[in-house]
Amino acid sequence: MSENRHQHAAGQVIERHRHEEHQLVYVIRGVLAVRTDRGAWVACADRAVWMPAGTWHEHRVYGASEVLTLMFPVRDAPLDGGAPTVVAVSALLRELLLAATEPGLGTDEASRLHAVLRDRLRRAHDQPLTLPEARDPRLAHACRLVTDDLSRPRTTAWLARRTGTSERTLSRLFRLEFGTTYPQWRTTTRVFHAMVQLAEGASVTQTAHRCGWATPSAFVETFTRTMGRTPGSYRATPPQRQPREHPPRGSG
């Protein structure tokens, strides 16, 4: 297993590529969207993205970010290699991810850390925050109309008129392609964009307005229910874990 830490500027895009090994992407600070032909997955302080080997994908960074990546051989993967997924990062798993990327780890220590890390990944729960990619042109058009201005609450009737289809057909397309209803999809989309706004320094009130919530309290309630933490605590930069100092060889 190999690992790396990278610093990225806000707005940076890592162009479409793929790996011969599985990749786990975790964001210590900031937000990163991993996009494939199937949709977008979000990596943040409490969610990591698992990207199977051979999957074409690109990364987009929101807010100044510190990103940690770990590579796993195909023959020895702790998670399923069939499709991208988002996994919950507990406090223990976070510490293991940070420890596994510390400089100067000895071979034996790294091996022990990796073994525990694999065990915890196998026990990690799926925490999907995914924006699937629409294939039907009518559905894709409707999604763009919503995301172009999230501050305006677009109804299914309004979207149907603008896309030249019926409400019934549009509702069916959301269920067929995304496995969800239009209101559920819009909530997920607004939460994703709220994460981006917060990562880029917007206040809770500004974010609530820009992403279409009637009041900041309504935004806080929805965000907390979806993410398991308040937008205020999410906006705060998590404390940085300082690498351990290694004594000189031979010292007592």
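As a convention, each chain's residues are numbered from 1 in the sequence order in which they are written. At least 70 in pLDDT is required for a residue's local features to be given in this predicted model, at least 80 for side-chain atom pairs to be given and counted, and no such filter applies to totals for whole chains, interfaces and linings, which use all residues. The basis for every side-chain value is the complete set of non-hydrogen atoms in the structure, without hydrogens or water.

Engineer: Explain the packing of helix 6 (residues 182–199) against helix 8 (residues 216–227) to me, using residue names and the numbers behind them.
Structural biologist: In this analysis an axis means a line fitted to C-alpha atoms, helices contributing only their contacting stretch, and an angle means the value between N-to-C directions, from 0 to 180 degrees. Here a helix means four or more residues in a row that DSSP labels H or I, a strand means two or more in a row labelled E, and each is numbered from the N terminus. The contact between helix 6 and helix 8 brings their axes to 11 Å, and the two run at 100°. When the axes of helix 6 and helix 8 are compared, the pair comes out roughly perpendicular. Residues Thr187, Val191, Ala194, Met195 and Leu198 of helix 6 pack against Phe219, Thr222, Phe223, Thr226 and Met227 of helix 8. Nonpolar residues are Ala, Val, Leu, Ile, Met, Phe, Trp, Tyr, Cys and Pro. Charged residues are Asp, Glu, Lys and Arg, and all others, Gly as well, are polar. Of the residues assigned to the contact of helix 6 with helix 8, the class counts are 7 nonpolar, 3 polar and no charged. Note on angle classes: values under 35 degrees are labelled roughly parallel, values over 145 roughly antiparallel, values of 65 to 115 roughly perpendicular, and the remainder oblique. We call two residues in contact when some of their heavy atoms are within 4.5 Å.

Engineer: Kindly report on the pattern of salt bridges, identifying the contributing residues and their values.
Structural biologist: Take a side-chain nitrogen of Lys or Arg and a carboxyl oxygen of Asp or Glu: if they are within 4 Å of each other, that pair is a salt bridge. Within the structure shown, the criterion is met by 10 salt bridges. For Glu133, the salt bridge identified is with Arg35, shortest N-O distance 2.7 Å. Of the two residues, Glu133 sits in the loop between strand 8 (130–132) and helix 3 (137–148) while Arg35 sits in strand 3 (residues 22–36), which places them 98 residues apart along the sequence. With relative accessibility at 38%, the residue Glu133 sits in the partly exposed group. One salt bridge connects Arg47 with Asp46, and the closest N-O pair in it is separated by 3.5 Å. Neither residue differs from the other here; Arg47 and Asp46 are each classed as buried. The classification of residues rests on relative accessible area computed with a 1.4 Å probe and restricted to protein chains. Under 20% of the type maximum is buried, over 50% is exposed, and intermediate values are partly exposed.

Engineer: Describe the side chain of His57, naming the residues involved and giving the relevant values.
Structural biologist: The topology assignment puts His57 in strand 6 (residues 57–72). Side-chain atoms alone can form a polar contact between residues adjacent in sequence; in general such a contact is a pair of N or O atoms within 3.5 Å, and within protein one must be able to donate a hydrogen while the other accepts it. A polar atom in the side chain of His57 sits 2.8 Å from the backbone oxygen of Thr55.

Engineer: Quick rundown of the environment of Val116? Include the residues and the values.
Structural biologist: Along the polypeptide, Val116 turns up in helix 2 (residues 107–123). Its relative accessible area of 39% is what places Val116 among the partly exposed residues. For the pair formed by Val116 and Leu93, sequence separation is 23 residues and the distance between their alpha carbons is 9.2 Å.

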